[in-house]
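Topology and contacts: notes
These are the residues of each chain, in order.
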Amino acid sequence: GESVGLHLPTLSVQEGDNSIINCAYSNSASDYFIWYKQESGKGPQFIIDIRSNMDKRQGQRVTVLLNKTVKHLSLQIAATQPGDSAVYFCAENSQAGTALIFGKGTTLSVSS
Amino acid sequence: DSGVTQTPKHLITATGQRVTLRCSPRSGDLSVYWYQQSLDQGLQFLIQYYNGEERAKGNILERFSAQQFPDLHSELNLSSLELGDSALYFCASSVEGRFSGNTIYFGEGSWLTVV
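Notes on the structure follow. Owing to the predicted nature of the structure, the values given are computational and were not obtained by experimental measurement.

Below, the discussion takes up the overall build of chain B. Helix and strand counts for chain B stand at zero helices and eleven strands. In sequence order, the secondary structure elements of chain B are arranged as β-β-β-β-β-β-β-β-β-β-β. Relative to a compact globule of 115 residues, whose C-alpha radius of gyration would be 13 Å, chain B shows 13 Å and is just as compact. The C-alpha extent of chain B, read off along each of the three principal axes, is 35 × 25 × 25 Å. Burial status across chain B gives 50% buried among its 115 residues.

All names here are of chain B. Along the chain, Glu 96 falls in the loop between β9 (87-94) and β10 (104-106). Assessed through its relative accessible area of 47%, Glu 96 is described here as partly exposed. Residues Glu 96 and Asp 29, spaced 67 residues apart in sequence, show a C-alpha to C-alpha distance of 7.2 Å. Not counting residues up to four positions away in its chain, the partners in contact with Glu 96 are Ser 31, Tyr 33 and Tyr 50.

Per the stated rule, a full pass over the model turns up two disulfides over all chains. Each sulfur of the disulfide joining A:Cys23 and A:Cys90 lies 1.9 Å from the other. Across the disulfide from A:Cys23 to A:Cys90, rotation about the S-S bond amounts to roughly 60°, and the bridge is consequently right-handed. In this pair, A:Cys23 is assigned in strand β3 (residues 19-25) and A:Cys90 in strand β9 (residues 86-93), connecting sequence segments 67 residues apart. Between the sulfur of B:Cys23 and that of B:Cys91 lies a disulfide, 1.8 Å long from S to S. Between B:Cys23 and B:Cys91 the sulfur-sulfur dihedral comes to about -55°; the bridge is accordingly left-handed. Within this pair, whereas B:Cys23 is found in strand β3 (residues 19-24), its partner B:Cys91 is found in strand β9, the two being separated by 68 residues in sequence. This pair shows no difference in class: B:Cys23 is buried, exactly as B:Cys91 is.

This brings us to the pattern of salt bridges. Under the defined criterion, the tally for this structure stands at five salt bridges over all chains. Between A:Asp49 and A:Arg57 there is a salt bridge, with its nearest N and O atoms 2.3 Å apart. What makes A:Asp49 buried here is its relative accessible area of 7%. Among the salt bridges present, the one from B:Asp85 reaches B:Arg63, with a minimum N-O distance of 2.8 Å. Here B:Arg63 lies in the loop between β6 (53-57) and β7 (64-68) and B:Asp85 lies in the loop between β8 (74-78) and β9, a separation of 22 residues in the sequence.

Conventions we followed
- Residues numbered from 1 in each chain as written.
- Chains lettered and ligands numbered in written order.
- Predicted model: local features only at pLDDT ≥ 70, side-chain atom pairs only at ≥ 80, totals over all residues.
- Heavy atoms only, no water.
- Helix = DSSP H or I, 4+ residues; strand = E, 2+ residues; numbered from the N terminus.
- Rg over C-alpha atoms; globule rule 2.2 N^0.38 Å.
- Buried < 20%, exposed > 50% of the residue type's maximum accessible area, 1.4 Å probe, protein only.
- Contact = heavy atoms within 4.5 Å.
- Disulfide = S-S within 2.5 Å.
- Salt bridge = Lys/Arg side-chain N within 4 Å of Asp/Glu carboxyl O.

The structure is reproduced here in structure tokens:
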């Protein structure tokens with residue numbers, strides 16, 4: 001089964017709101033986590049990553065938070081825009097140096 | 001444009017048939033990853049090749065196989081197709097064998113429909 005999962009399959013927000021997308025993982029050995037954005041008809045695109053020696057990392061309008069105690073990951077998008085509408089996946093590195101394991105995704109819908 | 005090229009973009013075939021999906025990685029990338037994306041299973045890792053050799057294996061069925069050629073392009077072969085194999089198949093590439101999120105690039109996928 002999946003070792004990474006998302007709490008909610010869909011999230012609807014208004015333009016300008018802050019969005020929070022959550023993810024739970026079950027593999028305590030995972031040490032690397034990534035958020036991807038997938039727009040319709042396209043492949044996943046890298047947003048931001050975080051290693052297990054950190055609990056927060058910020059990018060442009062995005063912040064990833066990692067809580068290793070409860071094995072929880074979240075992606076915060078500030079001032080959400082219609083262009084942010086997409087499916088968001090969290091992924092973890094299941095073995096050192098090999099491929100990522102993806103969660104099932106959360107669909108973010110931003111209305112104007 | 002990620003620089004990863006996948007062909008064909010769309011493919012419709014009948015059950016029991018065999019198809020080959022092709023992937024050309026970004027110039028200079030040595031690793032190729034194959035993923036299957038279906039509505040109920042999300043993105044499933046199938047297999048990884050690095051410089052022509054199999055590096056890691058995920059949930060790849062025995063009916064499926066892959067290879068990476070000397071020019072680094074890769075092919076995913078799907079045989080004895082079943083309706084449940086209908087999915088979007090992604091190829092991704094990276095320079096290194098060790099995975100790093102900001103250095104892996106996904107193609108736009110090949111839509112396979114089995115009827």
